[in-house]
Amino acid sequence: FWGPPTKKKKPIYQAEFPEARSQRREDTLHLNQLTVIHAALDMVDELVWGTQAMYLKQVDRFNDFYVSAFVTASHARFMLLHDARNEDGVKQFFTDAYEAYVRLLMNPFFDSGAKVPASFDQRIRLLGKKHF
């Protein structure tokens, strides 16, 4: 799951990586992932003011799941719910996803209120396969 929530705390993009999902336990199928991510937003908002780093590492934990966060200079928050401790992979994923996000925002034909284009979705899913 990945998405930079807006100031209204509504994600502008979210995705689930099915390759990682197949390895989860059955009892996690009923877990509402968006609720876990949303609950971690307050922790991200507190941590962002105490550091200059964009990558905040693991900010919360729920059962066997970890929530990692990355905050851009414009305070867009990228959040990832994952079940494996892979700090290097998560950091590299966020860095690559941030690059894709900046390219999307720099596109003069992209309207920030519009639906995220399929090319961006494909790029993020490719990054998910690469890093997880």
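What you see is a predicted model; the values in this text were computed from it and never measured.

## A look at the pattern of salt bridges
Step number 1: Within the structure shown, the criterion is met by four salt bridges.
Step number 2: Across the salt bridge formed by Lys 130 and Asp 96, the nearest N and O atoms sit 4.0 Å from each other. One end of the pair, Lys 130, is in helix α4 (residues 118–131); the other, Asp 96, is in helix α3 (residues 87–106), and 34 residues separate them in sequence.
Step number 3: On the accessibility criterion, Asp 96 (10% relative accessible area) is buried.
Step number 4: For Asp 121, the salt bridge goes to Arg 125, with nearest N and O atoms at 3.1 Å. Taken together, the positions of Asp 121 and Arg 125, both in helix α4 and four residues apart, correspond to about one turn of that helix.
Step number 5: By relative accessible area, Asp 121 is classed as partly exposed at 22%.

## Considering α4
Step number 1: Compared with an ideal rise of 1.5 Å per residue, which puts 14 residues at 20 Å, α4 spans 20 Å between its outermost C-alpha atoms and is within 8% of the ideal.
Step number 2: Every buried residue of α4 is accounted for by Phe 120, Ile 124, Leu 127, Gly 128 and His 131. One face of α4 carries all of its buried residues, which in axial projection span an arc of 105 degrees. Seen from the open side of α4, the exposed residues pointing more than 90 degrees away from its buried face are Ala 118, Ser 119, Gln 122, Lys 129 and Lys 130.

## Regarding the nonpolar core
The nonpolar side chains of a soluble globular protein tend to be buried, and buried together.
Step number 1: Counting 20 residues, the largest nonpolar core has Tyr 13, Phe 78, Leu 80, Phe 93, Phe 94, Phe 120 and Ile 124 as the members making the most contacts within it.
Step number 2: Of all elements in the fold, only β4 (77–82), α3 and α4 reach the threshold of two or more residues within this core.
Step number 3: For this core, the element with the most residues is α3, which contributes seven residues.

## Quick look at the packing of aromatic side chains
Step number 1: In the structure shown here, the tally under the stated rule is nine aromatic pairs.
Step number 2: One aromatic cluster is present, built from ring pairs that chain together Tyr 55, Phe 70, Phe 78, Phe 93, Phe 94, Tyr 98, Tyr 101 and Phe 132.
Step number 3: Looking at Arg 85, its charged tip hangs above the ring of Tyr 66, at a distance of 5.2 Å from the centre.

## Things to note about the side chain of His 131
Step number 1: Structurally, His 131 can be placed in helix α4.
Step number 2: Taking relative accessible area as the criterion, His 131 reaches 12% and is therefore assigned buried.
Step number 3: A distance of 2.9 Å separates the side chain of His 131 from the side chain of Asp 96, its partner in a polar contact.
Step number 4: With residues up to four places along the chain from it excluded, the contact list for His 131 reads Asn 86, Gly 89, Gln 92, Phe 93 and Asp 96.

## Quick word on the confidence of the model for the chain
Step number 1: When pLDDT is averaged along the chain, the result is 82; 81% of the residues meet or exceed 70.
Step number 2: The element-level mean pLDDT for the chain is lowest in strand β1 (residues 2–3), coming to 55, with α3 highest at 94.

## Considerations on the pairing of strand β3 (residues 65–71)
Step number 1: β3 sits mainly inside the fold: seven of its seven residues count as buried.
Step number 2: Of the two faces of β3, the one carrying Phe 65, Val 67, Ala 69 and Val 71 and the one carrying Tyr 66, Ser 68 and Phe 70 are both buried.
Step number 3: Judged from the six bridges that link them, strand β2 (residues 55–62) and β3 form a sheet pairing that is antiparallel. Bridge pairing links Asp 60 to Val 67 in β3.
Step number 4: Hairpin geometry of β2 and β3 is characterised by an intervening segment of two residues between the two adjacent antiparallel strands and by a positive phi of about 50 degrees at Asn 63.

Rules behind the numbers
Residues numbered from 1 in each chain as written. Predicted model: local features only at pLDDT ≥ 70, side-chain atom pairs only at ≥ 80, totals over all residues. Heavy atoms only, no water. Salt bridge = Lys/Arg side-chain N within 4 Å of Asp/Glu carboxyl O. Helix = DSSP H or I, 4+ residues; strand = E, 2+ residues; numbered from the N terminus. Buried < 20%, exposed > 50% of the residue type's maximum accessible area, 1.4 Å probe, protein only. Expected span 1.5 Å × (residues − 1). Arc of directions from axis to C-beta. Core = buried A, V, L, I, M, F, W, Y, C linked by side-chain atoms within 4.5 Å. Phe/Tyr/Trp six-rings, centres within 6.5 Å; stacked < 30°, edge-to-face > 60°. Lys NZ or Arg CZ within 6 Å of the ring centre and 35° of its normal. Polar contact = N/O pair within 3.5 Å; in protein donor to acceptor, adjacent residues only side chain to side chain. Contact = heavy atoms within 4.5 Å. pLDDT = per-residue confidence, 0-100. Pairing = 2+ DSSP bridges.

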